[in-house]
Structures are given as structure tokens and as C-alpha cells.
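What follows is each chain in one-letter form.
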Amino acid sequence: MVKNSHHGGSKTLGKLFQLYLPAKTHRTYSCLHCRAQLANHDELISKSFQGSQGRAYLFNSVVNVNTSAAEERVLLTGLHEVADIYCECCKTLLGWKYEHAFESSQKYKEGKYIIELVHMIKDNGWDDENVDHSEYLRK
């Protein structure tokens, strides 16, 4: 779930409710700084993106983030309208959301999210991909 807000804007009182991805979700990505879940691996579109601080991943959907007001920026692939995304829990700037692409070849990015690798950690089941299950299958 993404909440629209202007980072640093009005203060709200109340308890912060963190969203958790479904228990059946095998592999997830979490905030490196506070471990709030951010995305399901099944929502990953591409690992071939560049953020302001290095490599970044493009996701179809994310949870536990707030967005700032959208603004026009010239990125490596041209002019886009983007909104910065912040971790809902620790307020770290994680990346951005593509609101609008001005070039037709970039339209596929609209509504998608960039999270920079320097702010993300893999959680839940990543170790399983390196486990040899053949021994268990022989029994």
C-alpha cells in the first residue's frame, strides 16, 4: 500500500500500522534500515535500473511507502514526472515512483516503483534457492 503525502508535511497522531506481505510470500525485499517489508519478489520487473546512488530495481507494486508530490526530472532515459518514495516506518528515501513518461518508449514505467539497492535487503526464503533438495527427494 502506498500512501500519498508530502514528506515532512502535516503531522498526524496515531499508531503506525505496517503492512505485511501474505505469509505464503516466499521471497521479499525489506528496508535495510528498519526491516519493514517493501515488495514481493513476484512484483519485480527489472534489475537493470540506475538510481541516484547506484543500482536499482523496478517493481510493479510496493508496500509501506509514502510518496512526495510529483515533479518533472530528466533521468537517464529522458524526461519523466516522478514522486520520491519514502519508507513508511523510518522515513528513508528509497527511490521514486514513475507518474508519467513523456516518451512513448518509456510509458511502461508509469505507475511503477524504483527502489535503490543500497536501501534494500532480501528476506524470507532466499537461502532456499541454494539448498540441494535432491537428498530429501530420494527419501
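All of the points below concern the structure found in this document. What you see is a predicted model; the values in this text were computed from it and never measured. (Residues numbered from 1 in each chain as written. Predicted model: local features only at pLDDT ≥ 70, side-chain atom pairs only at ≥ 80, totals over all residues. Heavy atoms only, no water.)

For soluble globular proteins, the rule of thumb is that nonpolar side chains tend to be buried together. Within the largest apolar cluster, 16 residues are counted, with the highest numbers of intra-cluster contacts made by F59, V62, L94 and I115. Breaking this core down by element, the ones donating at least two residues are β2 (28-31), β3 (37-40), β5 (54-59), β8 (78-87) and β10 (113-116). Residues contacting F59, with those up to four places away along its chain left out, are Y29, A39, N40, E43, L44, I45, K112, Y113, I115 and M120. Core analysis: the next-biggest nonpolar cluster, separate from the first, contains seven residues, F49, L58, Y98 and I114 among them. (Core = buried A, V, L, I, M, F, W, Y, C linked by side-chain atoms within 4.5 Å. Buried < 20%, exposed > 50% of the residue type's maximum accessible area, 1.4 Å probe, protein only. Helix = DSSP H or I, 4+ residues; strand = E, 2+ residues; numbered from the N terminus. Contact = heavy atoms within 4.5 Å.)

Okay, the pattern of salt bridges next. Enumeration over the complete set of coordinates arrives at six salt bridges. One salt bridge connects R73 with E71, and the closest N-O pair in it is separated by 2.8 Å. Note on E71: relative accessible area 40%, which makes it partly exposed. Note on R73: relative accessible area 21%, which makes it partly exposed. (Salt bridge = Lys/Arg side-chain N within 4 Å of Asp/Glu carboxyl O.)

Let's shift gears to a nonpolar patch on the surface. The grouping of V74, L79 and F102 at the surface amounts to a nonpolar patch, some 280 Å² of accessible area in total. Within the fold, L79 resides in strand β8. (Patch = residues over 30% accessible without salt bridge, like charges linked within 9 Å, V, L, I, M, F, W, Y side chains within 5 Å. Areas by Shrake-Rupley, 256 points an atom, 1.4 Å probe, with all protein chains shown as cover.)

The next subject is the pairing of β8. When a strand is regular, its side chains alternate between the sheet's two faces. Most of β8 is tucked away, with eight of its ten residues classed as buried. By the bridge criterion, three bridges tie strand β6 (residues 65-67) to β8 in an arrangement that is antiparallel. Each residue of the ladder has a partner; that of V65, found in β8, is C87. Two strands pair when backbone bridges link them, and strand β7 (residues 71-75) and β8 are joined in this way by five bridges, in the antiparallel orientation. Bridge pairing in β8 links R73 to H80. Here β7 folds back onto β8 in antiparallel fashion, the turn holding two residues. In the sheet, β8 pairs with strand β9 (residues 93-101) via seven bridges, with the strands oriented antiparallel. (Pairing = 2+ DSSP bridges.)

Functional significance is not addressed by these values, which are geometric in nature.
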